[in-house]
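Residues per chain are reported as follows:
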Amino acid sequence: MKPIIRQVQRPKSALLRLAVKFFPPDPGQLQEEYTRYLFALQLKRDLLEERLTCTDTTAALLASHLLQAEVGDYDEVLDREHLRTREYVPRQERALHRILAFHRELAGQTPAESDFQVLEIARKLDMYGIRFHSASDREGAKIKLAVSHTGILVFQSSTRINTFNWSRLRKLSFKRKRFLIKLHPEVHGPYQDTLEFVLGSRDECKSFWKICVEHHTFFRLSDQPKPKAKAVLFSRGSSFRYSGRTQKQLADYVKGGGMKRAPYERRHSKTRMSLRALKVDLPRQSTSFSEAVTTPVTPSPTAASFCSAPASPPVPPGPRDFQVGGSSSETGPPAPGARRPAAERSSVATAQRPRLPALQPHQGLSVESPQPSPSTQRSPPGLSPQGPAAQGPSPLLGPVLADAAGARTDDREEPRRKCVPTDEAYFIAKEILATERTCLKDLEVITVWFRSAVVKADAMPADLMTLLFSNIDPIYEFHRGFLREVEQRLMLWEESSSTQATGSHQRIGDILLRNMLQLKALTGHFQRLHEILTELEAASRRLRRLEALRRDFELQKVCYLPLNAFLLKPLQRLRHYRLLLRRLCAPVPGDPDPRGQDHTDLRDALQAITEVTSELQHSLVQLESLQKLTELQRDLVGIESLVAPGRELVREGCLLELTRKGLQQRMFFLFSDMLLYASRDAAGSGHFQIRSLLPLRGMLVEDRESERSVPHCFTIYTARKTIVVAASTRLEKAKWLHDLNAAIDAVKTGSAPAPPACVLCPLPRGFPDEASMEPESEDEAGGARGSVVGTGQLRASTTVHVCWCRQTSVSRADHSAAGENQLSGYLLRKFKNSSGWQKLWVVFTNFCLFFYKTHQDDHPLASLPLLGYSVSLPRDTDSIHKEHVFKLQFKSHVYFFRAESKYTFRRWMEVIERASASAGRAGTPEEEA
């Protein structure tokens, strides 16, 4: 909008360059080949100017892709001639043999494919998109500041020493040459509330502040802030505002068809084509992007690469295209439709469309609480939003994800080579990485999101807040450091494997041993989790404000499980460590000591984590029981308090009660001292109304199915009442009979402690008693069996609601095993009648699959409870001709999932079989139908 002649003193001698302003976290979002080419030019220049620092091997790999995009297939004579006149990496002569070796393997790769691989490799580097600003801290130590899509980064030399995520920042401001970062109260942890950095001058400080404002607005806000009103007399603070579309607005603009896409085709350079014309035919033409990702190359380092999927990574929240100015390079990009020039040209100017000013209060950005990414603010159209307050139709029957929910692939988009490494230890380490990412996200629900809500509402007593966060924060910091170490090691492992090199990087035992030993220092924090949950429940009952806050927080999408369940995660994670370390220590047939020193470290790590879990086993059992009782208390109406010393849940599930009007669906809860059952609240609130409470002392259970015409029935006798109930299958009936008789025997022998008797709340006026109760209508009963839509205030994926809809049950042992039975990772999903595969980040926990676009998302898009589902291999009639595919089926609902390797396929089958086995299904889906 401002003429260049007014900005540049000597425009005739000025050299203008295109430069990338915002580096997207995933360049795979860029849909246009032309845009990817511009980004590749920027990375090419960064690599040459040593701003994109990496190992010599990675630099050579990047140079080989750039060489392939420029000159085409490998020809040693022509390659050497080209590299003598053009430089891709510093000190190129030393890396020449590596570049040629990598280039030899890229035969047939088009320029579009090469550009995509350059972006894919570069995005995983620590210095991707980093621009340093020299500064010093309060002690005068020299540091470097940088800004990325995640927040503000602090470096010492080339090592990142801290990251301040946008969600943790309350305000950014500057005063002369001092740059100030203000953190949210209770979020700063070991840091002060206000951090201060000193830059070289006021202009440098203001420039860095402007960059922070622009990045925060572009990546975090869904819309442009409204322009600031002009002051009548005088104004305080800077008038600078970010102008332009945000990442969210760009995505909507592209999806809405607002951008006219000009056809663009790229070829190899004219110089190379003329040289090749003397020997061979012209090189093949470039292809579209959907074809470009079909040809993989040497795998680049990434902890979450998907080897049996297309090279394109999953699409994270945000736009699928970026209208960024271009790329910093000595050349200007060719016009759409033109050939790629052999020699690069300069002096390129671009026209910019009008932009509106944006609002930033005073000299900094101010946010009252952590703001979710654009994906958390509004679910994409066609998705079944995950959250108790916004459940789509029939959420328990399966997630409804539109094509936009994740990257879709066609059957033809298959890689030509398998990824390396192939060692099973690598895949176990990769599972540790994936599940550690989920664990850290779960802890952030408490340490970041819940803390922010509590501080903002000032609803929690100070002593309880200190108790909670002083014990959770050290656990969170441990997992954050552990995740960083595993990510770095796997990146080096994959890089060394891609070059077929061996070394100290292909091991994980030293990291696991060091961190398992650190867990011993956190034992006291783990043991206090039971006290935290007890105090939190007591305070919630005592303080209406805190109870209302918890209820509202659990309705947010980020809280995808009951809040109390997140307090269980740290202790459950210890069990998972032990399980994975046992797998790593398992002997390999024919090789008693396959990994040398690494195997010794793994055995020591297993011994350390076994000692920790043994010491905390009693605390975990107590915490699991307390968490389950408090969760049930919120779902049940008509009972004063379920939480009592010594009381444990033995089994919960759905049975049919035989009344005068026929069989009526009921929800039964077997505790260590009593049996109570309830019916669905007719008001549609999603709660269960207690019908009766039967003490186990003096109870008798008899199996007299032959005397009645009701299949799978048995009779329960008490001093006051006799009821006849029926299970859905014979196996379900056997489970109930076993647990009932075992609980009754425990009460008789006195091995089970006798908790205080429960008090039933008086039934509402007009509520029918058990004898005269009328059956539900067909609509009411059918709705209860089919879905839980309309509950409004309760979460539909809790075990109670799933058991009600699937007519199944879950035992105490099943809940305990669910702590170990957790898994995370990328899967390709295919519906029964669809042709394409959809890549999603999948988290399995609490008997449920949760679907995300990427592991970076703050909340799931949809969920699929697995109780009642059967898992099997595809049949010939399914027409699935892929490897590592398993099939999930519940009645007519069928899903196919494809894993990345044989190991991950076995793991997904294992954990899902354990979960589906809890449903007690007696036959195949066809037989039950």
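All values derive from a computational prediction rather than experimental measurement. The numbering scheme is per chain: residues are counted from 1 as the chain's sequence reads. Given that the model is predicted, a residue must reach a pLDDT of at least 70 before its local features are reported, and side-chain atom pairs must reach 80 or more before they are shown or counted; all residues, however, enter totals for whole chains, interfaces and linings. Computation of side-chain values: all heavy atoms of the structure, hydrogens and water removed.

Engineer: Please give an account of the overall build of the protein chain that cites residues and values.
Structural biologist: By the criteria applied, helices consist of DSSP H or I runs no shorter than four residues and strands consist of E runs no shorter than two, each listed in order from the N terminus. Scanning the protein chain for helices and strands turns up 24 helices and 24 strands. Two residues form a contact once any of their heavy atoms are found within 4.5 Å. Excluding contacts between residues fewer than 6 apart, the proportion of contacts in the protein chain whose partners are at least 24 apart in sequence is 70%. Under the convention used here, a 1.4 Å probe and the Shrake-Rupley method define accessible areas, while residue burial counts only the protein chains that appear. Counting every atom, the protein chain has about 39800 Å² of accessible surface; 51% of that belongs to carbon and sulfur.

Engineer: Any chance you could break down the pattern of salt bridges for me, citing the residues and the numbers?
Structural biologist: Any Lys or Arg side-chain nitrogen located within 4 Å of an Asp or Glu carboxyl oxygen qualifies as a salt bridge. For the coordinates displayed, the defined rule picks out 39 salt bridges. As a salt-bridge pair, Asp510 and Arg489 come within 2.9 Å of each other at their nearest N and O atoms. In this pair, Asp510 sits in helix α13 (residues 509-519) while Arg489 sits in helix α12 (residues 462-498), placing the two residues 21 residues apart along the sequence. Ionic pairing is found between Glu547 and Arg634, a salt bridge with its closest N-O pair at 3.1 Å. Taken together, the positions of Glu547 in helix α16 (residues 544-554) and Arg634 in helix α18 (residues 597-635) put the pair 87 residues apart, joining distant regions of the chain. Think of it in three bands: residues with accessible area under 20% of the maximum for their type are buried, residues over 50% are exposed, and the middle band is partly exposed, with areas taken using a 1.4 Å probe on protein chains only. By relative accessible area, which is 23% here, Arg634 ends up partly exposed.

Engineer: How would you summarise the packing of α13 against helix α17 (residues 563-585) if you had to cite specific residues and measurements?
Structural biologist: For the pair α13 and α17, the least separation of the axes is 13 Å and the interaxial angle reads 150°. Classified by the interaxial angle, the pair formed by α13 and α17 is roughly antiparallel. Every pair of crossing elements has a handedness; the one defined by α13 and α17 is left-handed. Two secondary-structure elements touch here, α13 through Leu512, Met516 and Leu519 and α17 through Leu574, Tyr577, Leu581 and Leu584. Its residues placed into classes, the contact of α13 with α17 shows 7 nonpolar, no polar and no charged. Lines fitted to the C-alpha atoms define the axes, with helices restricted to the stretch that makes contact. Angles between their N-to-C directions range from 0 to 180 degrees. Any angle from 65 to 115 degrees is called roughly perpendicular, while one under 35 is roughly parallel, one over 145 is roughly antiparallel, and all others are oblique. Should the near helix be turned anticlockwise from the far one by less than a right angle, the crossing is left-handed, and should it be turned clockwise, the crossing is right-handed. Residues were grouped as follows: Ala, Val, Leu, Ile, Met, Phe, Trp, Tyr, Cys and Pro as nonpolar; Asp, Glu, Lys and Arg as charged; and all remaining residues, including Gly, as polar.

Engineer: Run through the sheet that holds strand β4 (residues 159-165), naming residues and quoting values.
Structural biologist: By the convention used here, strands pair only if DSSP detects at least 2 bridges between them. Taken in spatial order, the 7 strands line up as β4-β3-β2-β1-β7-β6-β5 in an open sheet, and their pairing is antiparallel. Bordering the open sheet on either side are β4 and β5 (169-175), each of which pairs with just one other strand. Across the sheet, the mean angle separating the axes of adjacent strands is 30° when strand polarity is ignored. As judged from the 6 bridges shared by strand β3 (residues 151-156) and β4, these two strands associate in the antiparallel manner. Pairing of Ile152 across the sheet is with Phe164, part of β4. Those strands touched by helix α6 (residues 202-220) are β1 (133-136), β2 (142-147), β3, β5, β6 (178-183) and β7 (194-199), and its axis lies near 155° from that of β5.

Engineer: Residues and numbers for unusual backbone geometry, please.
Structural biologist: At Asp458, a residue that is not glycine, the phi angle is positive and equals roughly 50°. Relative to the assigned elements, Asp458 resides in the loop between α11 (424-457) and α12.

Engineer: I'd like to hear about the pairing of strand β19 (residues 837-845), residue by residue, with values.
Structural biologist: Within a regular strand, side chains alternate between the sheet's two faces. Summarising burial for β19: 9 of the 9 residues are buried, a large majority. Looking at chain direction, strand β18 (residues 823-831) and β19 are connected through 7 bridges and run antiparallel. Bridge pairing in β19 places Arg829 opposite Gln838. Adjacent in sequence and paired antiparallel, β18 and β19 are bridged by 5 residues.

Engineer: Account for the packing of aromatic side chains, naming residues and giving values.
Structural biologist: Whether two aromatic rings pair depends on their centres lying within 6.5 Å, for rings of Phe, Tyr and Trp, where Trp uses its six-membered ring; planes under 30 degrees apart make the pair stacked, over 60 edge-to-face, and the rest tilted. A complete count under the given rule lists 24 aromatic pairs for this structure. Consider the rings of Phe174 and Trp209, whose centres lie 5.3 Å apart with planes at 55°: the pair is tilted. Placement of the pair is Phe174 in strand β5 and Trp209 in helix α6, with a sequence separation of 35 residues. Using a relative accessible area of 3% as the deciding quantity, one classes Phe174 as buried. The rings of Tyr426, Phe427, Trp493 and Tyr903 are connected pair by pair, giving a single aromatic cluster. Two thresholds decide whether a charge sits over a ring: the Lys NZ or Arg CZ must be within 6 Å of the ring centre and within 35 degrees of the ring normal. For Arg806, the ring lying beneath its charged end belongs to Phe890, and the centroid distance is 4.8 Å. The positively charged end of Lys839 is found above the aromatic ring belonging to Tyr826, 5.3 Å away from the centroid.

Engineer: Tell me what's going on with the packing of helix α2 (residues 56-71) against helix α3 (residues 76-85), and back it up with residues and numbers.
Structural biologist: Taken N-terminus to C-terminus, the directions of α2 and α3 make an angle of 105°; their axes are 12 Å apart at the nearest point. Judged by the angle between their axes, α2 and α3 are roughly perpendicular. The segment α2 lies against α3, with Leu67, Glu70 and Val71 engaging Asp79, His82 and Leu83. Split by residue class, the contact of α2 with α3 holds 3 nonpolar, 1 polar and 2 charged.

Engineer: Summarise empty space enclosed by the protein; cite the residues concerned and give the values.
Structural biologist: Using protein atoms alone on a 1 Å grid, points that fit a 1.4 Å probe yet trap it form a cavity, whereas open point sets bounded by protein on both sides within 12 Å along at least five of seven lines form a pocket; residues with an atom within 4 Å of a point count as lining. Grid points are joined across faces, edges and corners, and a volume is the space filled by probe spheres set on the points. For the structure shown, the criterion picks out 9 cavities of 30 Å³ or more. Taken as a whole, the second largest cavity encloses approximately 140 Å³ of empty space. Lining the second largest cavity are 16 residues, and of these Lys441, Asp442, Tyr852, Asp857 and Asp858 sit closest to its centre. For the lining of the second largest cavity, the secondary structure elements donating two or more residues are α11 and β19. Sorting elements by how many residues they give to the lining of the second largest cavity places α11 first, with 7 residues. Broken down by class, the residue content of the lining of the second largest cavity amounts to 7 nonpolar, 3 polar and 6 charged.

Engineer: Mind laying out the pairing of strand β12 (residues 674-680), listing which residues take part and the relevant values?
Structural biologist: Counting buried residues in β12 gives 7 out of 7 residues, a clear majority hidden from the surface. The pairing of strand β11 (residues 662-671) with β12 spans 4 bridges and is antiparallel. Across the sheet, Phe668 pairs through a bridge with Tyr677, a residue of β12. Hairpin geometry of β11 and β12 is characterised by an intervening segment of 2 residues between the two adjacent antiparallel strands.

Engineer: Account for the environment of Leu861, naming residues and giving values.
Structural biologist: Looking at where Leu861 falls in the secondary structure, it is placed in the loop between β20 (848-852) and β21 (862-865). Residues Leu861 and Phe851 lie 10 residues apart in sequence; the distance between their C-alpha atoms is 5.7 Å.

Engineer: Outline the confidence of the model for the protein chain, listing residues and values.
Structural biologist: Every residue carries a pLDDT, the predictor's confidence in it, which falls somewhere between 0 and 100. Of the residues in the protein chain, 71% have a pLDDT of 70 or more, and the chain-wide mean is 75. A low-confidence stretch, residues 410-419 stays under pLDDT 50, and its non-local contacts, those more than four residues away or across chains, total 28 contacts. Confidence drops under pLDDT 50 across residues 919-929; counting only partners more than four residues distant or on other chains, this segment forms 25 contacts.

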